[in-house]
Amino acid sequence: MPIIGLYAPEDLGTATQRPAAPVRPEIDPPQRMGTLPTPSLEWTPEVERNTAHLYARVKHVISPVEWPLMAPLVKAINELKRERDAVILAHNYQTPEIFHCVADIVGDSLQLAIEASRVKAGTIVQCGVHFMAETSKILNPEKTVLIPDSRAGCSLASSITGADVRLLRQRFPGVPVVAYVNTSADVKAEVDICCTSSNAVEVVESLGAPTVIFLPDQYLARYVASKTSVKIIAWKGACEVHERFTGDELRAYREADPSVQIIAHPECPPDVLAEADFTGSTAHMIKWVRDRHPKRLVMITECSMADNLRAELPDVEMVQPCNLCPHMKRITLPKILESLLSLREEVTVDPAIAARARRSVERMINLRN
């Protein structure tokens, strides 16, 4: 079923009231209290021995020339995690040296949300974008949540505000609202339930309503609408990474090699999904590749996920027309190290907003479990 409405800020009269992008805070002396000294970052035989098992995981995607620059950072981060009682959560779009070598928990947004609710460590370092760190803080208000670079934003999260949601509710009274987790805490506080691309159809149908407002990704909304009889009112947001792919691009790959397999994320435009052999969330895409072991694969999503899978499955040839997420790439090994050394940059959420947002996130998690 096609979506029955598509809205944007200008349709609600809020186009000039957009939130400012996250600003990296200045670190003043009081915030640096408890800073630990920077460890040696030299490439030594000891570092080589201590990180050899980690390099074995990434040797197919990180060259021997690059590893001596990364290994001292990897060793220092893993040691600091123990000292700081910290756990690192990393999204599937993080680079291989982060994903395979320092992360304790990896996954898509749903997996990370579920695992964040179970974390025992006192400190969470979120290697992803800002809304993910906010979600971890919402689920763990008593814990310290750090993001190595607070400027790691998201085009979807910045496309809508809590005020927009309130105006949508006024325009469509009684219609339940589903928010993709790629939203800010103030948006999550205004909706009935959250979802991820893994469970969006399930969440929409769980509400038992004939019509649902689904925000902010218009392409995921179109995908959900094609899989359910529920009428969907959508928001005109989009992921700046996935919306750049085109159906023409995929057809060119098939013409060059008719045997190639193509899998795509549902944040892509409809003409892209029409050309794909499989459409699914990052977790579902990874499972598809592990189960099928295609000879040649085009993975239509952020670049690093293909690298992370290639590290694990070197026999699968990755044809990579991928796009980089500039926000995910703000998270680097040096910034993770600095975050652990100085406990920067801490993520905070207003307790009143967090309490309301927690209900919509937990409702999603409890539906899954």
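The structure reproduced in this document is the subject of the present report. Computed from a prediction, not measured in an experiment: that's the story for all the values here.

**Digging into the pattern of salt bridges**
Then step 1. This model, assessed by the stated rule, comprises 19 salt bridges.
Then step 2. A salt bridge links Arg 290 to Glu 312, with the nearest nitrogen and oxygen atoms 2.9 Å apart. Taken together, the positions of Arg 290 in helix H13 (residues 282-292) and Glu 312 in helix H14 (residues 303-312) put the pair 22 residues apart, joining distant regions of the chain.
Then step 3. Among the ionic contacts, a cluster of salt bridges with common partners joins Asp 149, Arg 151 and Lys 335.

**Regarding empty space enclosed by the protein**
To locate leftover empty space, one rolls a probe as large as a water molecule over the atoms.
Then step 1. As enumerated under the stated definition, the model contains two cavities of 30 Å³ or more in all.
Then step 2. The volume enclosed by the largest cavity comes to roughly 280 Å³.
Then step 3. Around the largest cavity, the lining comprises 29 residues; the ones closest to its centre are Tyr 93, Met 132, Asn 182, Glu 267 and Met 328.
Then step 4. Contributions of two or more residues to the lining of the largest cavity are made by helix H5 (109-116) and helix H6 (130-139).
Then step 5. Taken together, the residues of the lining of the largest cavity break down into 13 nonpolar, 13 polar and three charged.
Then step 6. Counted as a void, the second largest cavity has a volume near 70 Å³.

**Let's talk about the side chain of His 242**
Then step 1. Following the sequence through the fold, His 242 ends up in the loop between strand S9 (231-235) and helix H11 (247-256).
Then step 2. Taking the relative accessible area as the measure of exposure, His 242 reaches 1% and is therefore buried.
Then step 3. Polar contacts involving the side chain of His 242 include one to the side chain of Glu 267, which spans 3.0 Å.
Then step 4. Apart from the residues lying within four places of it in its own chain, the contact partners of His 242 are Tyr 93, His 265, Glu 267, Cys 268, Pro 269, Ile 300, Thr 301 and Glu 302.

Scoring rules and cut-offs
- Throughout this document, residue positions are counted from 1 along each chain, in the order its sequence is written.
- Local features in this predicted model are restricted to residues of pLDDT 70 or higher, and side-chain atom pairs are both shown and tallied only at a pLDDT of 80 or more, whereas totals for entire chains, interfaces and linings draw on every residue.
- Side-chain descriptors were evaluated using all non-hydrogen atoms of the structure, hydrogens and water having been removed beforehand.
- When a carboxyl oxygen of Asp or Glu lies within 4 Å of a side-chain nitrogen of Lys or Arg, that pair is called a salt bridge.
- Helix and strand labels come from DSSP, where a helix needs a run of H or I of at least four residues and a strand needs a run of E of at least two; each type is numbered from the N terminus.
- The distinction between a cavity and a pocket rests on a 1 Å grid over the protein atoms alone: a 1.4 Å probe fits inside a cavity but cannot get out, while a pocket stays open yet meets protein on both sides within 12 Å along at least five of seven lines, and a residue with an atom within 4 Å of a point counts as lining.
- Grid points are joined across faces, edges and corners, and a volume is the space filled by probe spheres set on the points.
- Each residue gets one label: Ala, Val, Leu, Ile, Met, Phe, Trp, Tyr, Cys and Pro are nonpolar, Asp, Glu, Lys and Arg are charged, and the others, such as Gly, are polar.
- Between buried and exposed lies partly exposed: a residue is buried under 20% and exposed over 50% of the maximum accessible area for its type, with that area taken using a 1.4 Å probe on protein chains only.
- The term polar contact refers here to a pair of N or O atoms within 3.5 Å; inside protein, the definition further demands a hydrogen-donor-capable atom paired with an acceptor-capable atom, and it admits residues adjacent in sequence only when both atoms are side-chain atoms.
- Note on contacts: a residue pair is in contact if any heavy atoms of the two residues lie within 4.5 Å.

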